[in-house]
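Structural features, examined
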Amino acid sequence: MKRVKWIVSIGVIVMATAAFAPTDRYFEIAKSLDIFATLFKEVNTYYVDDVDPKKLIRKSIDSMVGSLDPYTDYIPEEEVESFQIVTTGQYAGIGAMIGVINNKTIVTHPYKDFPAYRAGLKVGDEIIAIDGIEVKGKPTNEVSALLKGPARTEVELKIRKRGAAFEIFVKINREKITISNLAYAGLVGTDIAYIKLDDFTPGAAKEVADALTRLKEKGAKKLILDLRDNPGGLMNEAINIVNLFIPREKEVVSTKGKVQEWNKTYYTLNNPQDIEIPIAVLTSEGSASASEIVAGALQDYDRAVLIGKKTFGKGLVQTTRPLTFNAQLKVTTAKYYIPSGRCIQALDYAHRNEDGSVEKFPDSLRLEFKTKNGRKVYDGNGIDPDITVEDEYLGAVTIALIQSGLIFDYASKYCSENPIPPDLASFKFSDLQYSKFIEWTKAQKFSYKTELEANAIQLMEVAKQERYYNDLNSQLNDLKLKIEVNKASDLLRFKKEIIEIIEQQIAFHYLLAEGQAAVSLLRDQTVSQATKIMNDSKQYKSLLSPN
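In short, a report on the structure. (Residues numbered from 1 in each chain as written. Predicted model: local features only at pLDDT ≥ 70, side-chain atom pairs only at ≥ 80, totals over all residues. Heavy atoms only, no water.)

Looking at the pairing of strand β4 (residues 104-110)
Among the seven residues that make up β4, six are buried, leaving the element largely enclosed by the rest of the structure. In this structure, strand β3 (residues 96-101) lies alongside β4, joined through six bridges in antiparallel fashion. Counterpart to V100 in the pairing with β4 is T105. (Buried < 20%, exposed > 50% of the residue type's maximum accessible area, 1.4 Å probe, protein only. Helix = DSSP H or I, 4+ residues; strand = E, 2+ residues; numbered from the N terminus. Pairing = 2+ DSSP bridges.)

If you want it as structure tokens, here you go:
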């Protein structure tokens with residue numbers, strides 16, 4: 001009887017907790033909101049300087065959602081259109097990407113077959129004015145807003161063509177622009193299809209399917225699906241892409257969150273396109289979210305070999321919720337789990353450190369799961385590739401040349417002086433041309449600071465603060481001199497990698513993604529590793545078999 005009474009007592013306590021906890025929670029919410037409203041009123045009334053209520057509230061909202069995770073965002077009415085462009089890949093405009101390079105607004109990518117491209121705009125052309133409004137000094141988002149507008153309306157651009165000394169006016173009719181999810185699709189060798197997928201906006205799966213069909217008609221018998229640096233997008237597009245390669249009614253991903261009725265398991269619904277073609281999926285640290293669903297599901301079903309680097313580790317699902325005054329909230333509502341049962345979320349946002357930083361789930365806590373064939377895979381901290389290929393890290397001088405825009409500018413100069421594209425498959429930037437490039441960079445007063453140089457300067461400052469400088473003066477100055485001597489030869493020391501990037505940029509200036517692929521694919525170490533494995537059926541099968 002005592003045992004029964006004890007159990008009943010526990011039941012009463014649980015019921016009481018269940019009954020009163022929500023009420024207490026709602027009271028705390030109402031209390032906090034009331035405090036916030038009165039606090040804001042007092043600040044607005046009595047603060048010594050005028051405050052902008054909109055900015056103050058926005059900062060409060062951003063701080064609140066920022067304390068949760070990087071993917072939960074407040075989207076005010078004026079930013080909804082830009083948000084929809086990102087998620088759908090659609091907008092009305094001229095169909096060109098722009099950027100500010102060396103204080104000039106430059107066309108960096110006219111999308112093929114869209115208005116800007118048809119009007120003759122090329123990579124490297126400078127935009128001076130839009131409908132009479134000078135754009136010099138304006139940030140990219142403001143210039144982009146001037147270019148956008150309703151479909152079938154005209155916009156007039158004042159342009160300075162790359163390499164030209166004069167300006168021209170170009171009238172372009174805006175259109176509805178749908179940005180392709182595919183950066184490039186072509187053959188590597190004679191029988192390997194290569195598809196570079198950059199996004200998961202509507203239509204991504206159909207684009208992959210159509211590209212694969214075209215390449216199979218050209219002789220493709222194997223597939224390299226490149227998901228490197230693909231940040232993800234729509235989950236249903238990821239499911240549909242997986243469905244191209246595995247049968248119907250197979251689990252692809254499930255979501256689990258606080259709202260139980262939103263928890264779902266998603267299955268393949270359609271007949272697959274090809275369940276036999278050998279597949280290599282390329283991954284990088286920038287492959288996230290929907291990319292990880294595709295890579296992880298194909299790995300779990302032993303349907304593809306993953307090659308490259310560990311993925312980003314974003315296993316969180318966002319849902320867009322409407323707010324008042326046409327604002328929206330993009331809020332994390334669940335975690336997703338791929339077919340083996342693992343969640344690949346890398347950062348534990350639920351347990352922050354005292355300073356607000358977030359730690360990765362330690363390897364010691366990663367759980368083991370099994371693929372369909374019994375291979376060992378692990379949750380947390382992204383998806384591990386079956387074969388790791390480390391990137392060759394660029395030298396500080398190379399990074400500085402890229403970030404300064406000088407390589408882009410030189411490619412524009414080169415293409416304006418050589419308007420007829422060469423055979424890009426065999427294009428080589430000669431030693432003489434590189435010597436001219438070095439002289440040109442000197443004329444541009446190119447300078448940069450290496451991390452080693454910065455550390456040496458910091459070391460000297462610390463030595464002065466701690467009063468060791470007089471004793472170490474000679475050695476520290478010798479170190480500084482040696483760094484400067486070595487730095488002076490960086491343009492020659494890193495010549496090979498700088499030339500490769502110049503060649504890629506020149507090729508992109510000429511023929512966009514097709515040109516860049518022509519000069520870079522055969523040099524790409526990860527693609528080369530994938531090609532090697534795809535041409536070795538025995539190794540390919542062994543990688544998909546349990547050890």
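After presenting the structure, the write-up continues.
With respect to the packing of aromatic side chains
One pair of aromatic rings is described through two measures. These are the centre distance and the angle between the planes. If you walk through the whole model with that rule in mind, you get ten aromatic pairs. Through successive ring pairs, a cluster of aromatic residues spans Y410, Y414, F427, F429, Y434, F437 and W440. Cation over ring: K148 sits above Y91, and NZ or CZ is 5.2 Å from the ring centre. One residue, K256, lies across the ring of Y337, its end atom 4.7 Å from the ring centre. (Phe/Tyr/Trp six-rings, centres within 6.5 Å; stacked < 30°, edge-to-face > 60°. Lys NZ or Arg CZ within 6 Å of the ring centre and 35° of its normal.)

Considerations on the pattern of salt bridges
Per the counting criterion, the structure on display carries 30 salt bridges. For E453, the salt bridge goes to K487, with nearest N and O atoms at 2.9 Å. Separated by 34 residues along the polypeptide, E453 in helix α12 (residues 451-465) and K487 in helix α13 (residues 469-488) bring together distant segments of the chain. Salt bridges sharing partners connect three or more residues here, namely E126, E134, K158, R160 and E167. (Salt bridge = Lys/Arg side-chain N within 4 Å of Asp/Glu carboxyl O.)

Quick notes on the sheet that holds strand β21 (residues 387-388)
Pairing between the strands of a sheet comes from backbone hydrogen bonds, and it takes one of two forms, parallel or antiparallel. Taken in spatial order, the six strands make up an open sheet running β10-β11-β12-β15-β16-β21, and their pairing is mixed. Each end of this open sheet is capped by a strand with a single partner; those strands are β10 (182-188) and β21. The pairing of strand β15 (residues 279-283) with strand β16 (residues 305-308) spans four bridges and is classified as parallel. Across the sheet, V281 pairs through a bridge with L306, a residue of β16.

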